[in-house]
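So you can see what is in the structure, the chains are spelled out below.
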Amino acid sequence: MRIAIVVARFNDFITERLLEGATAALAEAGVSGDAVELVRVPGAFEVPMAAQRVAETGRVEAVICLGCLIRGATPHFEYIASACANGITAAAASTGVPMAFGVLTTNSAEEALERVAPGPAHKGREAAEAALEMAQLFARLGDGRS
Ligand code: DLZ
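In what follows, the accompanying structure is described. Since this is a predicted model, take the numbers as computed values, not measurements.

## Observations concerning the overall build of the protein chain
Here comes step 1: Check the secondary structure of the protein chain and you find five helices and four strands.
Here comes step 2: Mapped from its N terminus to its C terminus, the protein chain presents α and β elements in the order β-α-β-α-β-α-β-α-α.
Here comes step 3: What you see for the protein chain is a C-alpha radius of gyration of 14 Å, in line with the 15 Å of a compact globule of 146 residues.
Here comes step 4: Counting only C-alpha atoms and orienting by the principal axes, one finds that the protein chain spans roughly 50 × 30 × 20 Å.
Here comes step 5: Per-residue burial over the protein chain gives 45% buried out of 146 residues.
Here comes step 6: Taking as baseline every contact in the protein chain between residues at least 6 positions apart, the subset at least 24 positions apart corresponds to 77%.

## Quick word on the site of the ligand
Here comes step 1: As a matter of local geometry, the ligand sits amid Phe10, Asn11, Gly43, Ala44, Phe45, Glu46, Cys68, Leu69, Ile70, Thr74, His76 and Ile80.
Here comes step 2: In this structure, Gly43 approaches the ligand through a main-chain N or O atom, which is 3.4 Å from an oxygen atom.
Here comes step 3: Between the ligand and the protein, one listed contact pairs an oxygen atom with a backbone N or O atom of Phe45 at 3.1 Å.
Here comes step 4: If one sorts the elements of the shell around the ligand by residue count, strand β3 (residues 62-70) sits on top with three residues.
Here comes step 5: Among the residues making up the shell around the ligand, the classes are represented as seven nonpolar, four polar and one charged.

## Side note on helix α5 (residues 123-141)
Here comes step 1: A rise of 1.5 Å per residue sets the reference length of α5, with its 19 residues, at 27 Å; its end C-alpha atoms lie 27 Å apart and thus fit the reference within 8%.
Here comes step 2: Gly124, Arg125, Ala127, Ala128, Ala131, Leu132 and Ala135 are the residues of α5 that are buried. Take α5 and look down its axis: the buried residues cluster within an arc of 165°, on one side only. In α5, the exposed positions that point more than 90 degrees away from the buried face belong to Glu133, Arg140 and Leu141.
Here comes step 3: Contacts from the buried residues of α5 go to β1 (3-8), α1 (12-28), β3 and β4 (99-106).

## Concerning the pattern of salt bridges
Here comes step 1: Applying the stated rule across the entire model yields seven salt bridges.
Here comes step 2: A salt bridge links Glu78 to Arg71; the shortest N-O distance between them is 2.5 Å.
Here comes step 3: The exposure class of Glu78 is partly exposed, given its relative accessible area of 49%.
Here comes step 4: When its relative accessible area of 37% is taken as the criterion, Arg71 is described as partly exposed.
Here comes step 5: The salt bridge involving Arg115 is made with Glu114; its shortest N-O contact spans 4.0 Å.
Here comes step 6: Among the charged side chains, a salt-bridge network with shared partners connects Arg2, Glu37 and Arg59.

## Comments concerning the pairing of β3
Here comes step 1: In terms of residue burial, β3 counts as a mostly covered element, since nine of its nine residues are buried.
Here comes step 2: Alternating positions in β3 separate into two faces, Ala62, Ile64, Leu66, Cys68 and Ile70 on one and Val63, Cys65, Gly67 and Leu69 on the other, with burial throughout.
Here comes step 3: Pairing analysis gives five bridges linking β1 to β3, with the strands arranged parallel. In the strand pairing of β3, Ile3 is matched with Ala62.

## Some points on α1
Here comes step 1: Relative to the 24 Å expected for 17 residues at 1.5 Å per residue, α1 spans 24 Å between its end C-alpha atoms, a close match to the ideal helical length.
Here comes step 2: Lining the buried residues of α1 we find β1, β2 (36-41), β3, β4, α4 (109-114) and α5.
Here comes step 3: Positive phi shows up at Gly30, right after α1, with a value of about 90°.

About the cut-offs
- Residues numbered from 1 in each chain as written.
- Predicted model: local features only at pLDDT ≥ 70, side-chain atom pairs only at ≥ 80, totals over all residues.
- Heavy atoms only, no water.
- Helix = DSSP H or I, 4+ residues; strand = E, 2+ residues; numbered from the N terminus.
- Rg over C-alpha atoms; globule rule 2.2 N^0.38 Å.
- Buried < 20%, exposed > 50% of the residue type's maximum accessible area, 1.4 Å probe, protein only.
- Contact = heavy atoms within 4.5 Å.
- Near = heavy atom within 4 Å.
- Polar contact = N/O pair within 3.5 Å; in protein donor to acceptor, adjacent residues only side chain to side chain.
- Nonpolar A, V, L, I, M, F, W, Y, C, P; charged D, E, K, R; others polar.
- Expected span 1.5 Å × (residues − 1).
- Arc of directions from axis to C-beta.
- Salt bridge = Lys/Arg side-chain N within 4 Å of Asp/Glu carboxyl O.
- Pairing = 2+ DSSP bridges.

Structure (C-alpha cells):
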C-alpha cells in the first residue's frame, strides 16, 4: 500500500505534529516509510492542488491532507478553509483516490495544540487511519467498472 501525505508549512508548530502522528499511525499499520510519499506545500490553500497532482500520478492509493488554519490569526480564514475543504473533495472525486481531511480549523493556537496532543484523538493519527480504511475499502470494492 502506497500513501501520500500532503502537509502545509504554515503553522508548522502544529502541522509537523500532525505529520508525526500520521506517520506513526501508518507505521503501526505496517506501512513502511518507503511506501509514504511526502509532499510539502506553503499553506492550506495549496493542499488540494498538490493532493490532486500526486493522486494523478497513480502512485498512491490514498492521500492524507494535513494543515492548520487558526481563525484569530487568519483574516480570510473562511475563504481558505472552504477552498481547502472543497478543493480536497473535488480532487478526491475527480481522481477516484480517497483523501483524508486532516486540516485543523480552530479558533486559537490552544485549540489546535489540543488536537495534536498524544493519544488516540490526535488528528494526524485520525486522518491516517481514515485514509488507510478508505484505501482498503476501495481495493475491496474494485474500480466499479468490472
Ligand atoms: C495567508 C495565510 C494565512 C493568513 N493563514 C493561514 C493559515 O492559518 N493556515 C494556512 O495553512 N495557511 C495560511 N495562509 C497561507 C495560505 O494557505 C496560502 O499558502 C497563501 O495564501 C498563498 O497562496
